[in-house]
Amino acid sequence: MDPGSEELGNRRSVLAGAARFAKRGATLVRLAFPTTEIQRYGSIAIIYSTYFYELEQRGKRTSFSGRITEVFVFRKDPWVNPGWHMEPTTSSAADQ
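So, here is what we can say about the structure in this document. Source: prediction; values computed, not measured.

**Focus: the overall build of the protein**
Line of reasoning, step 1. When helices and strands are tallied, the protein shows 1 helix and 5 strands.
Line of reasoning, step 2. Along the chain direction, N to C, the helices and strands of the protein fall in the order α-β-β-β-β-β.
Line of reasoning, step 3. In the protein, buried positions account for 18% of the 96 residues.
Line of reasoning, step 4. Counting only carbon and sulfur atoms, one obtains 54% of the accessible surface of the protein, whose full area is about 7300 Å².

This is how it looks when you write it as structure tokens:
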């Protein structure tokens, strides 16, 4: 589930959103996870984080921050991330 969307996300919607992002000429200029806690229950890990990211498009920067919960499942060798939930707390635009 992504902020600002009324639909539940899936792999297809995430990849389509990434393609739209790239097509608009936007760039990710900063990404940070200031606080992260992990709880592991056997082959399942739940990650709770705060996040901050900044995007730039046509010289204009926009910042976003919030909280995210992610679920990871250990399957033989790799950890798989079947889903997450983002909860935005702020969004602001600043001309650079």
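**Details of the environment of Thr50**
Line of reasoning, step 1. With respect to the element layout, Thr50 can be found in strand S3 (residues 44–57).
Line of reasoning, step 2. Spatially, the C-alpha atom of Thr50 lies 9.4 Å from that of Glu87, the residues being 37 residues apart in sequence.
Line of reasoning, step 3. Those residues in contact with Thr50 that sit more than four places away from it in its chain are Ala32, Phe33, Pro34, Thr35, Gly66 and Arg67.

**Focus on the pairing of S3**
Line of reasoning, step 1. Pairing between strand S1 (residues 27–32) and S3: 5 bridges, direction antiparallel. Among the inter-strand pairings, Leu28 is bridged to a residue of S3, identified as Leu55.
Line of reasoning, step 2. Alignment of strand S2 (residues 36–41) against S3, held across 6 bridges, turns out to be antiparallel. Residue Thr36 lies in a different strand from S3, and its bridge partner there is Ser49.
Line of reasoning, step 3. In this antiparallel pair of consecutive strands, S2 and S3, the connection spans 2 residues, and Gly42 shows a positive phi of 65°.
Line of reasoning, step 4. Here S3 pairs with strand S4 (residues 60–74) via 14 bridges, running antiparallel. Within S4, the position partnered with Glu54 by the bridge is Ser63.
Line of reasoning, step 5. Counted along the chain from S3 to the antiparallel partner S4, the turn is 2 residues long, and its residue Arg58 has a positive phi close to 55°.

**Some points on the environment of Ala32**
Line of reasoning, step 1. Tracing the backbone shows Ala32 in strand S1.
Line of reasoning, step 2. Non-local contacts of Ala32, meaning those with residues more than four positions away in its chain, are made with Thr50, Tyr51 and Phe52.

Cut-offs used in this document
- Residue numbers here run from 1 along each chain, matching the order of that chain's written sequence.
- Local features in a predicted model are, by the rule used here, given only for residues with pLDDT of at least 70; side-chain atom pairs are given and counted only at 80 or more, and totals for whole chains, interfaces and linings are based on all residues.
- To get the side-chain values, take all heavy atoms of the structure and skip hydrogens and water.
- A helix here means a DSSP run of H or I that spans at least four residues, while a strand means a run of E at least two residues long, and both kinds are numbered starting from the N terminus.
- Any residue under 20% of the maximum accessible area for its type is buried, any over 50% is exposed, and the rest in between are partly exposed; the area is computed with a 1.4 Å probe on protein chains only.
- Each accessible area is a Shrake-Rupley result for a 1.4 Å probe, and residues are judged covered by the shown protein chains and nothing else.
- Contacts are assigned to residue pairs that have any heavy atoms within 4.5 Å of one another.
- Strands pair, by our definition, only if DSSP identifies at least two bridges between them.

From the geometry alone we can't say anything about function, so treat these as descriptive.
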